Amino acid sequence: RPSAILLLSAVLRTAADSTEQNVVNAVVAPEASKSHDTFIVEGFLEAACTVGAFVAVAAAKGAFSHWSPRAPFQRLRADKLVDDSEDSHSSGPSKQFLRSVARPSSSPSRSTSETDALAAAVRSGRAWELPWLLDKARARAQEYSDIDIEICEVEHLTSSIRACAARRCFREALRAYDHVAERIGEGSVGIWSLLLYCSAETEFRRCGYFWTRLCSIAQPAGQDFVNMVRWKAHLGDSEGLRVVLSQLKNAGFQLTGLDRNRALAVCATEGSLDLAELLSESDICDAEMDTVTYNTLMKAASQAGLPERCFEFSSQMKKEGLMPSEMTFGILLDACIAAKDFTTARQTFEDLRKSGIIPNAVHFTTFLKGLVCSGQLIAAEALLEEMLNSSGTQPDLVTYSILVKAYADRGEVSSAVRILEKMVGQGITPDAVMFNIILTGCCAEPTDAGEISRVLNWSLQYGLKPSTTTLSILVKALSQTESWDSACEILETAPRRLGLWPEARIFAQLLQGCIKSGNGRKAVEVYSLMAKAVKSGGITVDEVTSTKLLRLCGTCGQHEAACRIHAELCRLGRRRC
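Nothing here was measured: the structure is a model prediction, and the numbers come from that model.

K.L.:
So what exactly am I meant to see when it comes to the overall build of the protein here?
P.N.:
Secondary structure summary: the protein contains 32 helices and 0 strands in total. Residues counted as buried form 48% of the 577 residues belonging to the protein. The long-range fraction of contacts in the protein, counting pairs at least 24 apart against all pairs at least 6 apart in sequence, stands at 67%.

K.L.:
What is the right way to look at the pattern of salt bridges in this model?
P.N.:
Side-chain pairing between opposite charges can occur once the charged atoms of the two side chains come close. A full pass over the atoms with the stated rule returns 28 salt bridges. The closest approach of N and O atoms between Arg353 and Glu386, which form a salt bridge, is 2.7 Å. A residue pair is termed long-range when its members are at least 10 positions apart, and Arg353 in helix 20 (residues 342-354) and Glu386 in helix 22 (residues 377-388) qualify at 33 residues. Residue Glu503 pairs with Arg505 through a salt bridge whose shortest N-O separation is 3.0 Å. Residue classification places Arg505 among the partly exposed positions, given a relative accessible area of 46%.

K.L.:
Sorry if this is basic, but what is going on with the packing of aromatic side chains here?
P.N.:
Geometrically, a pair of aromatic rings is defined through the distance of the ring centres and the angle of the planes. Applying the stated criterion across every chain, the model contains 11 aromatic pairs. Ring plane angle 90° and centroid distance 5.3 Å describe the contact between Phe170 and Tyr197, whose orientation is recorded as edge-to-face. Residue Phe170 is located in helix 10 (residues 170-180), and its partner Tyr197 is located in helix 11 (residues 189-201); the two are separated by 27 residues in the primary sequence. What makes Tyr197 partly exposed here is its relative accessible area of 22%. Geometrically, the ring pair formed by Trp458 and Tyr462 is tilted, given 4.7 Å between the ring centres and 45° between the ring planes.

K.L.:
Looking at this structure, how should I read the side chain of His156?
P.N.:
If you trace the backbone, His156 turns up in helix 9 (residues 149-166). When its relative accessible area of 1% is taken as the criterion, His156 is described as buried. Contact partners of His156, with chain neighbours within four places excluded, come to Glu114, Thr115, Leu118, Leu134 and Ala137.

K.L.:
How should the environment of Trp458 be read in this particular structure?
P.N.:
One can find Trp458 in helix 26 (residues 449-461). Along the chain, Trp458 and Val417 lie 41 residues apart, while their C-alpha atoms are 8.8 Å from each other. Excluding residues that lie within four positions of it along the chain, Trp458 makes contacts with Val417, Leu420, Glu421, Phe435 and Ile438.

K.L.:
When you look at the confidence of the model for the protein in this model, what are you seeing that I'm missing?
P.N.:
Low pLDDT marks regions whose predicted coordinates should not be analysed in detail. Per-chain confidence: the protein averages 80 in pLDDT, with 79% of residues scoring 70 or above. Averaged pLDDT values over the elements of the protein bottom out at 32 in helix 6 (residues 95-101) and peak at 96 in helix 10. Predicted confidence is poor over residues 4-106, with pLDDT under 50, and the contacts of this stretch with residues over four places away or in other chains come to 105 contacts.

K.L.:
Honestly, helix 9 in this entry has me stumped. Any pointers?
P.N.:
Since there are 3.6 residues in each turn of an α-helix, residues three or four apart along the chain are aligned in direction. Between its first and last C-alpha, helix 9 extends 26 Å over 18 residues, near the 26 Å set by a 1.5 Å rise per residue. Arg168 occupies a position one or two residues after helix 9 and carries a positive phi of about 60°.

K.L.:
In this structure, what is going on with the packing of helix 27 (residues 468-480) against helix 29 (residues 504-516)? I would like to understand it.
P.N.:
Angle between the axes and distance between the axes: these two values describe a pair of packed helices. In the contact formed by helix 27 and helix 29, the axes pass within 10 Å of each other and the chain directions differ by 5°. Looking at the two axes, helix 27 sits roughly parallel to helix 29. Contacts between helix 27 and helix 29 pair Thr468, Leu471, Ser472, Val475, Lys476 and Ser479 from the former with Arg505, Ile506, Gln509 and Leu510 from the latter. Of the residues assigned to the contact of helix 27 with helix 29, the class counts are 4 nonpolar, 4 polar and 2 charged.

K.L.:
I would appreciate a short explanation of the nonpolar core in the present structure.
P.N.:
Looking at soluble globular proteins, one finds that nonpolar side chains tend to be buried together. Core analysis: the biggest nonpolar cluster contains 81 residues, and Ile438 and Tyr527 have the highest contact counts within it. Top element by residues in this core is helix 30 (residues 520-535). It accounts for 9 residues. Beyond its immediate sequence surroundings of up to four residues, Ile438 is in contact with Val404, Ala408, Val413, Ala416, Val417, Leu420, Val455 and Trp458. Counting 71 residues, the second-largest nonpolar core is a separate cluster that includes Ala127, Val154, Leu278 and Ala301.

K.L.:
When you look at the packing of helix 18 (residues 307-319) against helix 19 (residues 326-338) in this model, what are you seeing that I'm missing?
P.N.:
One way to put it is that helix 18 packs onto helix 19 with a least axis distance of 9 Å and a crossing angle of 155°. Taken together, helix 18 and helix 19 sit at an angle that is classed as roughly antiparallel. For the element pair helix 18 and helix 19, the recorded crossing hand is left-handed. Contact residues: helix 18 offers Pro307, Cys310, Phe311, Ser314 and Met317, while helix 19 offers Thr328, Leu332, Ala335 and Cys336. Partitioned by chemical class, the residues of the contact of helix 18 with helix 19 number 7 nonpolar, 2 polar and no charged.

Cut-offs and rules
- Residues numbered from 1 in each chain as written.
- Predicted model: local features only at pLDDT ≥ 70, side-chain atom pairs only at ≥ 80, totals over all residues.
- Heavy atoms only, no water.
- Helix = DSSP H or I, 4+ residues; strand = E, 2+ residues; numbered from the N terminus.
- Buried < 20%, exposed > 50% of the residue type's maximum accessible area, 1.4 Å probe, protein only.
- Contact = heavy atoms within 4.5 Å.
- Salt bridge = Lys/Arg side-chain N within 4 Å of Asp/Glu carboxyl O.
- Phe/Tyr/Trp six-rings, centres within 6.5 Å; stacked < 30°, edge-to-face > 60°.
- pLDDT = per-residue confidence, 0-100.
- Expected span 1.5 Å × (residues − 1).
- Axes fitted to C-alpha atoms, helices over the stretch in contact; angles between N-to-C directions.
- Parallel < 35°, antiparallel > 145°, perpendicular 65-115°, else oblique.
- Nonpolar A, V, L, I, M, F, W, Y, C, P; charged D, E, K, R; others polar.
- Core = buried A, V, L, I, M, F, W, Y, C linked by side-chain atoms within 4.5 Å.
- Left-handed = near helix turned anticlockwise from the far one by under 90°.

Spelled out as structure tokens, the structure:
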């Protein structure tokens, strides 16, 4: 009834008012707000509207009879330690504070509050403060006689480094451990496991200590084993791994097939084929070797530059009745191309066709790369056509760039343009790198200025966004045929036509080309063109560049003319020269 609710409200508010000030004065600093207890009472009033006034009274009585006023405000101080801004920008108590009120004043709840606060500090970007925060948490724990301080320290550290690992703050986690190392006794499985992981991500030199501490109190988990293998593979310590495998076997440790494959992948990444083979031959894992296991071993052999071992693993896999997968052929092709064994690569690609596995775009691109590297551009272009005619193996930007670069490196710019037009026709937009590759093709062999201009116009038509690199390539290409007038025209019209001002170094590049060809008059013209760009406000020239160009012009008997330009640059005052 409404009258009952009003009565309950009056009683509870009176009780709160009578106890609030004593609690605040005894426990909390002056910043604790009166609205804390008012909020609690309002929460019970909401319960009264739902389940009835007398039930709410009973709930209030039960909560206050088990509630120690120190616990919630102790929690509040911990929250303020973690994030002072939360309370300073809030008009009422935090949700964490309200949750803590309903908890009895017991060690578990206080410990949970501290661990939550430490984890929140890490998540808020304050991992570097962990040594100080851990000391504060220890000091608060020492205020209670019923708490085991060492256990609290272990819980606090575990929560802290777990949060650090999640945010990849590995060095901060190790620093926090070093700060409290003498206070955690034998630690815990969680601490040593997390520290092993953090060390494997930063400084392998500490892995041995953390691995030993972990094994001294418990059997390692699969992920711990993988991190141990990372450590040994990084060092290339096959004998050390052999000893660890023997110790684990004697301790009854059994590795799952999944964790074995993960450990083998670590060896492949580090290029440690000997460790991978040692692990695969060990009886620490009862699971049969599968296709994934063999693929990982082949990857390790490929990374180690031993393609012949890749094919040995492939043959062994077939003898055991395991069928190769798409990944198997991809690894074999990669190994052949890396070893420049293009004959075996062709045979592997043919075996792939006959295997019943449909080659994917990666297989085609890898084989095309091999054809290009062996100089078989016609065959590579035919393979590109085959990809275009297949619905499931459409070439991508990488595929096209391989063939375009091959033609550009040979100076066959028209062929490179033809391939690029196919790519555009497929709906793939060329990037600036692709356009610059084609323009670089004009530098492979001396190219007529008119042809260079046509390639530039074509590139602009298909979306080239010129950069300083583009201008540098054009200047280099035109310098090879001593097309100085065309080069000067490109630099002079660049702001209007290309939308960018040439940098001082581009002018210097062209001027040096003129000097090398003995054309001092044109060198001075380029110097003058640069001064014009400075006068227009498009660029600035520093003292070092201007002095260098003055000296270069002087070597060709143009010192007097160059001095006038140099003086003009000084007069403009863009930079002190």
